[in-house]
Amino acid sequence: MTSTTSTTGTTRSVAHSTFVIERTFDAPVARVWRAFADLDEKRAWFGAGEGWTKTEESDDFRAGGTAVDEGRFDGGVLSRYVATYTDVVEHERFVLTYDMWLDGAHISTSLATYELEPDGDRTHLRYTEQGVHLDGLDSAAQREEGTRGIFDALAVHLGG
């Protein structure tokens, strides 16, 4: 981690990380793909749940398209996610860059790669994230834990 003090006296830091999550879902590739590519499907599991109030949402799932997901946790912290899809190969992979803010503070920028492979009637997902975590407001461990939670919600959605 690199740390400096700015001219305003604010301590700034940059921490780089990479993590990989592999998960097999009990659904065929086309079904898993649709859960990401169709906004109505995605709405049911991504950024959904008790205590979460959505304030903005959009998703243009194509190379060059953007996605925004913003909301508040239990009426408190405002979380904002803004992504740009850089590569989309139907039923195989998609790559995106995304930024996260909490209450207006930029906490990270990441490159995320989703690779989907058929495994019989199931789908194997390999997710790789390379991140830059800013000013101690976020960490790789927190991001990996949150991403695992998102994939847990996806598994529940696909099972229902």
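The structure this text deals with has already been given above.
Residues numbered from 1 in each chain as written. Predicted model: local features only at pLDDT ≥ 70, side-chain atom pairs only at ≥ 80, totals over all residues. Heavy atoms only, no water.

**Re the nonpolar core**
Grouped together as the largest cluster of nonpolar side chains are 29 residues, with contacts concentrated most on Phe36, Phe94, Leu96 and Tyr114. Of all elements in the fold, only β2 (11-25), α1 (29-37), β5 (78-89), β6 (93-102), β7 (105-119), β8 (122-134) and α3 (140-159) reach the threshold of two or more residues within this core. Sorting elements by how many residues they give to this core places α1 first, with 5 residues. Apart from the residues within four sequence positions on either side, Phe36 is in contact with Lys42, Trp45, Asp59, Phe61, Phe94, Tyr114, Phe151 and Leu154. (Core = buried A, V, L, I, M, F, W, Y, C linked by side-chain atoms within 4.5 Å. Buried < 20%, exposed > 50% of the residue type's maximum accessible area, 1.4 Å probe, protein only. Helix = DSSP H or I, 4+ residues; strand = E, 2+ residues; numbered from the N terminus. Contact = heavy atoms within 4.5 Å.)

**Quick word on the packing of aromatic side chains**
Here the distance between the centres and the angle between the planes together describe a pair of aromatic rings. Inspection of every chain in the model, using the stated rule, returns 18 aromatic pairs. Seen from their ring centres, Tyr127 and Phe151 are 5.4 Å apart, and the 80° between their planes marks the pair as edge-to-face. Here the residue Tyr127 occupies a position in strand β8, and Phe151 occupies one in helix α3, the gap between them amounting to 24 residues. For the pair shown, Tyr127 and Phe151 are each scored as buried. A cation over a ring is seen here: Lys42 above Phe46, with NZ or CZ 4.8 Å from the ring centre. (Phe/Tyr/Trp six-rings, centres within 6.5 Å; stacked < 30°, edge-to-face > 60°. Lys NZ or Arg CZ within 6 Å of the ring centre and 35° of its normal.)

**Some remarks on the pairing of strand β4 (residues 66-73)**
In the sheet, strand β3 (residues 52-59) pairs with β4 via 7 bridges, with the strands oriented antiparallel. Residue Glu56 lies in a different strand from β4, and its bridge partner there is Glu70. Turn length for the β3-β4 hairpin, with the two strands adjacent in sequence and antiparallel, is 6 residues, and the turn residue Gly64 shows positive phi of about 90°. Counting the residues in the hairpin turn of β4 and β5 gives 4 residues, including Asp74, whose phi is positive at 45°. (Pairing = 2+ DSSP bridges.)

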